[in-house]
Amino acid sequence: MLSYFLRMENYTLARIIATIGEPDFPAVAAEALRTLLDFDLTAAVTHRAGSRPSVMFDNFDLVGARQGIGNYARLTHAVNPVLARARPTAVCRARDFAVTPAVLADVDARIRAQIITANDEELGFRTVGWPARLEEVDLYLDAGGSFVELGFYRERRRCPVHAERLASLHRLSQPVAAAFARHFALDRRAPRLAARLSAREREVCDLLLHGCSSEAIALRLGISRHTVKDHRKHIFRKLGVGTLAELFALHAATPD
């Protein structure tokens, strides 16, 4: 059994390292670790001082819960007890950080409006739009000046996540943190350039900057060419450019 998990760890780390510097690195890293844990949903979020968290990747659209991850990044991350108490690099189970309704009573009214308190939630509450009654495991990474939150979620089961899978995540935490740090070092300009873009628009923008055609982007992301063109139109409008040449020029002019 142990050798199986070690092989899975090696395969997972190889997948992550192979895409360092690529536009889909956050997605590949999150999905590889989700598979290792045998969970269903995942989200990769960056936290930087002085700015709102940025969702680099999520697959919440599989369960129609994009509103939930959006509300989390916009507001309710501020009351996440796991995020508040996590060490710089740590693996955490949400059920170990449950809070009582009294703890949430004095939070800002805008945040409180996006919280549903419930005894059957691992944290004692969930964000509006978030799927109910999930088991949650989080990996927090200190990645070269950026604090990365990787969340993994699945429907609650009689038996929680296997101890060996958690041990694998622990063992991978430092090399994955190093991989994210290296990725950010190679891709410093992208967060600034795409700060006003949605997570999907940033994916499309990164692929455009890597020279991918609309057809290639559609295949890579599993969406239609029409959807790619819509994203491209929104990207150009938000960044104030009218052509691909102007987009490349803006990218080149963005300071490191």
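Further up the page is the structure itself.
Fair warning: this is a prediction, and the values are worked out from it, not measured in the lab.

**Considerations on the sheet that holds strand β1 (residues 41-47)**
Through backbone hydrogen bonds, the strands of a sheet pair up, either in parallel or in antiparallel fashion.
Logical step 1: Ordered in space as β2-β1-β7-β6-β3, the 5 strands form an open sheet in which the pairing is antiparallel. Because the sheet does not close on itself, it has two edges, and the strands there are β2 (54-58) and β3 (90-93). Between one strand axis and the next, the sheet turns by 20° as a mean value, whatever way the strands run.
Logical step 2: As paired strands, β1 and β2 are joined by 4 bridges and run antiparallel to one another. Bridge pairing links Ala 44 to Phe 57 in β2.
Logical step 3: Packing of helix α7 (residues 163-186) onto the sheet brings it into contact with β1, β2, β3, β6 (134-143) and β7 (146-155), and relative to β6 it is tilted by some 45°.

**Focus: the pattern of salt bridges**
Logical step 1: In this structure the tally under the stated criterion is 14 salt bridges.
Logical step 2: Its salt-bridge partner being Arg 220, residue Asp 24 comes within 3.0 Å of it at the nearest N-O pair. Of this pair, Asp 24 sits in the loop between α1 (2-18) and α2 (25-37) while Arg 220 sits in helix α10 (residues 214-221), and the two are 196 residues apart along the sequence.
Logical step 3: Note on Asp 24: relative accessible area 19%, which makes it buried.
Logical step 4: Given a relative accessible area of 43%, Arg 220 falls into the partly exposed group.
Logical step 5: Close ionic contact of Arg 157 with Asp 38 constitutes a salt bridge, the shortest N to O distance being 3.8 Å. Remark: Asp 38 occurs in the loop between α2 and β1 and Arg 157 occurs in the loop between β7 and α7; sequence separation between them is 119 residues.
Logical step 6: For Arg 157, a relative accessible area of 42% translates into the label partly exposed.

What counts as what
Residues numbered from 1 in each chain as written. Predicted model: local features only at pLDDT ≥ 70, side-chain atom pairs only at ≥ 80, totals over all residues. Heavy atoms only, no water. Pairing = 2+ DSSP bridges. Helix = DSSP H or I, 4+ residues; strand = E, 2+ residues; numbered from the N terminus. Axes fitted to C-alpha atoms, helices over the stretch in contact; angles between N-to-C directions. Contact = heavy atoms within 4.5 Å. Salt bridge = Lys/Arg side-chain N within 4 Å of Asp/Glu carboxyl O. Buried < 20%, exposed > 50% of the residue type's maximum accessible area, 1.4 Å probe, protein only.

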